[in-house]
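Chain residues, written in single-letter form:
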Amino acid sequence: MSTIVIRPAIAADLDRITEIYADAVTHGTASYELEPPSRAEMGNRFDNLAAGGFPYLVVEKDGIVLGYAYAGPFRPRPAYRFVIEDSVYVAPEAKGQGVGLLLMRALIEAARAAGFRQIIAVIGDGHADSASVRLHEKLGFRHSGRLEGSGYKHGRWLDTVFMQLSLNGGAELPPDPDSLPERRFRGMGN
């Protein structure tokens, strides 16, 4: 019997995370990077997100990491502190098996628990039947914008789609002073 576990990513997962992302960069259009980053660079990215208290999750089946998802700052200006951008990547052999949905549900809950108010999905090659667009729609994200011809990869122009999910009352309620983004802003740690 197979066991599927979603858990926080750890440094020991970074070789597999780097491998999954390298495949996405090399063969896909979700990422606009043209060359896969090194393991050291992926480690730096992971460390920066972890230091900020942002959620970074993996899903594993029988001890093998099949995908990962994380949320990081949408933009660096402090007024954006309640807004995060999600990223989710699934190993080629696990695509179409619900791995991305499991990861994103867990990521949304982690973001909600931390007190974030908006999750933004910035989807490369965001055509209507894109797996990422369909996944985010299924999770309640709404379309909030499109940048036409904003990326050029694999010999073609790509559109970027923005989707958005409100959490914790979104813009309808004042900031929670006990939320992670507000505590960080006030210098009270993670």
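Keep in mind the model is a prediction, meaning the values are calculated, not measured.

(A) Spotlight on the layout of surface pockets. Taken as a whole, the largest pocket spans an internal volume of roughly 1400 Å³. Looking at the largest pocket, it is lined by 49 residues, and the ones nearest its centre are A30, S87, V88, Y89 and S132. Elements supplying a minimum of two residues to the lining of the largest pocket: α1 (14–27), α2 (39–51), β3 (64–73), β4 (83–90), α3 (99–114), β5 (118–124) and α4 (131–138). Tallied by class, residues from the lining of the largest pocket come to 23 nonpolar, 17 polar and 9 charged. In this structure, the second largest pocket occupies an estimated 170 Å³ of space. If you trace the second largest pocket, you find 14 residues lining it, with F54, P73, P76, R81 and R184 closest to the centre. At 3 residues, the largest contribution of residues to the lining of the second largest pocket is made by helix α5 (residues 180–185). Of the residues assigned to the lining of the second largest pocket, the class counts are 10 nonpolar, no polar and 4 charged.

The rules we used
- Residues numbered from 1 in each chain as written.
- Predicted model: local features only at pLDDT ≥ 70, side-chain atom pairs only at ≥ 80, totals over all residues.
- Heavy atoms only, no water.
- 1 Å grid on protein atoms, 1.4 Å probe; cavity = no way out; pocket = protein on both sides within 12 Å on 5 of 7 lines; lining within 4 Å.
- Points joined across faces, edges and corners; volume = space filled by probe spheres on them.
- Helix = DSSP H or I, 4+ residues; strand = E, 2+ residues; numbered from the N terminus.
- Nonpolar A, V, L, I, M, F, W, Y, C, P; charged D, E, K, R; others polar.

Any functional reading would require information beyond the geometric quantities listed.
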